[in-house]
Amino acid sequence: MSGPGQRRGDQGDDRGALALVLHSHMPYVEGFDTWPFGEEWLWEALARVYLPLLDQIRGAPVTLGLTPVLCDQLETLTGDAGERFLAYLAEVKPAIHAEDAEALERAGDGAGAAELRRAARDYTWAASAFEQVGRDPLAALAQAAANGSIWSSAATHALLPQLATEPGLQLQIAGVAGAHERRFGGFSGGF
């Protein structure tokens, strides 16, 4: 029997009925140079999405979907890939933003130039945030979602109903379960 404010099956927990499920994925680009679809894509997502996301979800009861392909790449950031990320933030982004801001100023767009200079500071912040999480954004995301849960997807983020064979389907599911257990200590099947 449900009383006022309770859902059927509610065992008195204080969790609400709303579930925030954030799904994240990144095609495999680590080690693929930078342009046009290389590591730069991962670095931009890390600087402009995943690190800022950490500030928003810490302690929140969110369900965070982290695909195995994304996790593989985030794990590499504790090594040489992290050094390349920091170099990108310190050497590439400031130069590009400064050059583009100067061009906008010459064209008479002072507001656009000011916004580019402001955006350049976001990359400086990202470098600091990356260091603050011990250069391990995957562990930081897992810790930030500790009040919720971490889900996954098919091993290669495949669209399962479109797979041609049952063995292919089984490999996708078995691959994710093992990878998830290794990274996060268990797999509840959140998919």
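Residues numbered from 1 in each chain as written. Predicted model: local features only at pLDDT ≥ 70, side-chain atom pairs only at ≥ 80, totals over all residues. Heavy atoms only, no water.

Things to note about the overall build of the protein chain
Right, on to step 1. When you go through the protein chain residue by residue, the secondary structure sums to six helices and three strands.
Right, on to step 2. Shown N-terminal to C-terminal, the secondary structure of the protein chain runs as helices and strands in the order β-α-β-α-α-α-α-β-α.
Right, on to step 3. Counting every position in the protein chain, which comprises 191 residues, the buried fraction comes to 37%.
Right, on to step 4. By sequence separation, contacts in the protein chain at least 24 residues apart represent 70% of the contacts at least 6 residues apart.
Right, on to step 5. Element-wise, carbon and sulfur atoms account for 55% of the exposed surface of the protein chain, whose accessible area totals about 11000 Å². (Helix = DSSP H or I, 4+ residues; strand = E, 2+ residues; numbered from the N terminus. Buried < 20%, exposed > 50% of the residue type's maximum accessible area, 1.4 Å probe, protein only. Contact = heavy atoms within 4.5 Å. Areas by Shrake-Rupley, 256 points an atom, 1.4 Å probe, with all protein chains shown as cover.)

Looking at the packing of helix 2 (residues 68-76) against helix 6 (residues 166-184)
Right, on to step 1. Running from amino to carboxyl end, helix 2 crosses helix 6 at an angle of 40°, the nearest separation of the two axes being 10 Å. Taken together, the axes of helix 2 and helix 6 are oblique relative to one another. Here helix 2 and helix 6 pass one another in a crossing that is left-handed. For the pair helix 2 and helix 6, the contacting residues are Pro68, Cys71, Asp72 and Glu75 in the first and Val176, Arg182, Arg183 and Phe184 in the second. (Axes fitted to C-alpha atoms, helices over the stretch in contact; angles between N-to-C directions. Parallel < 35°, antiparallel > 145°, perpendicular 65-115°, else oblique. Left-handed = near helix turned anticlockwise from the far one by under 90°.)

Focus: the side chain of serine 153
Right, on to step 1. Mapped onto the elements of the fold, serine 153 is located in the loop between strand 3 (149-151) and helix 6.
Right, on to step 2. Judged by its relative accessible area of 8%, serine 153 falls in the buried class.
Right, on to step 3. If near-sequence neighbours (up to four positions away) are discounted, serine 153 is found in contact with His23, Thr67, Pro68, Val176 and Phe191.

Remarks on the packing of aromatic side chains
Right, on to step 1. Overall, the coordinates contain two aromatic pairs when judged by the stated rule.
Right, on to step 2. Both rings, one in tryptophan 43 and one in tyrosine 88, keep their centres 5.2 Å apart while their planes meet at 40°; by these two values the pair is tilted. Taken together, the positions of tryptophan 43 in helix 1 (residues 39-57) and tyrosine 88 in helix 3 (residues 80-106) put the pair 45 residues apart, joining distant regions of the chain.
Right, on to step 3. A relative accessible area of 3% means that tyrosine 88 is categorised as buried.
Right, on to step 4. Centroid distance phenylalanine 85 to phenylalanine 130: 4.9 Å. Interplanar angle 75°. Geometry classified as edge-to-face. (Phe/Tyr/Trp six-rings, centres within 6.5 Å; stacked < 30°, edge-to-face > 60°.)

Some words on helix 6
Right, on to step 1. In a regular helix each residue adds 1.5 Å, so 19 residues correspond to 27 Å; helix 6 covers 27 Å between its end C-alpha atoms and thus fits that length.
Right, on to step 2. Burial in helix 6 covers these residues: Leu169, Gln172, Val176, Ala177, Ala179, His180 and Arg183.
Right, on to step 3. Along its buried surface, helix 6 packs onto helix 2, helix 5 (137-144) and strand 3.
Right, on to step 4. For helix 6, the side-chain oxygen to backbone nitrogen distance between the N-cap and glycine 168 is 3.0 Å, and the N-cap itself is threonine 165.
Right, on to step 5. In the stretch just after helix 6, glycine 185 is the one whose phi turns positive, near 85°. (Expected span 1.5 Å × (residues − 1). Polar contact = N/O pair within 3.5 Å; in protein donor to acceptor, adjacent residues only side chain to side chain.)

A short note on the nonpolar core
Right, on to step 1. In terms of nonpolar packing, the biggest core is built from 36 residues, with Leu51 and Phe85 touching the most fellow members.
Right, on to step 2. Of all the elements in the fold, those that place two or more residues in this core are helix 1, strand 2 (62-66), helix 2, helix 3, helix 4 (110-132) and helix 5.
Right, on to step 3. For this core, the element with the highest residue contribution is helix 1, accounting for 10 residues.
Right, on to step 4. Excluding residues within four positions of it along the chain, phenylalanine 85 makes contact with Trp43, Leu46, Ala47, Leu51, Leu77 and Phe130. (Core = buried A, V, L, I, M, F, W, Y, C linked by side-chain atoms within 4.5 Å.)

As for the sheet that holds strand 1 (residues 20-24)
Right, on to step 1. Strand order in the open sheet formed by three strands is 1-2-3, with parallel pairing between adjacent strands. Every other strand in the sheet has two partners, leaving strand 1 and strand 3 as the edge strands with one partner each. Averaged over all pairs of adjacent strands, the angle between their axes in this sheet comes to 20°, without regard to strand direction. (Pairing = 2+ DSSP bridges.)

Brief notes about the pattern of salt bridges
Right, on to step 1. All told, the structure shown has 12 salt bridges when counted by the stated rule.
Right, on to step 2. Glutamate 75 is the partner of arginine 182 in a salt bridge, and the nearest nitrogen-oxygen pair spans 3.3 Å. Of this pair, arginine 182 sits in helix 6 while glutamate 75 sits in helix 2, and the two are 107 residues apart along the sequence.
Right, on to step 3. The salt bridge partner of arginine 135 is glutamate 83, with a shortest N-O separation of 2.2 Å. Taken together, the positions of arginine 135 in the loop between helix 4 and helix 5 and glutamate 83 in helix 3 put the pair 52 residues apart, joining distant regions of the chain.
Right, on to step 4. Since its relative accessible area comes to 43%, glutamate 83 is described here as partly exposed. (Salt bridge = Lys/Arg side-chain N within 4 Å of Asp/Glu carboxyl O.)

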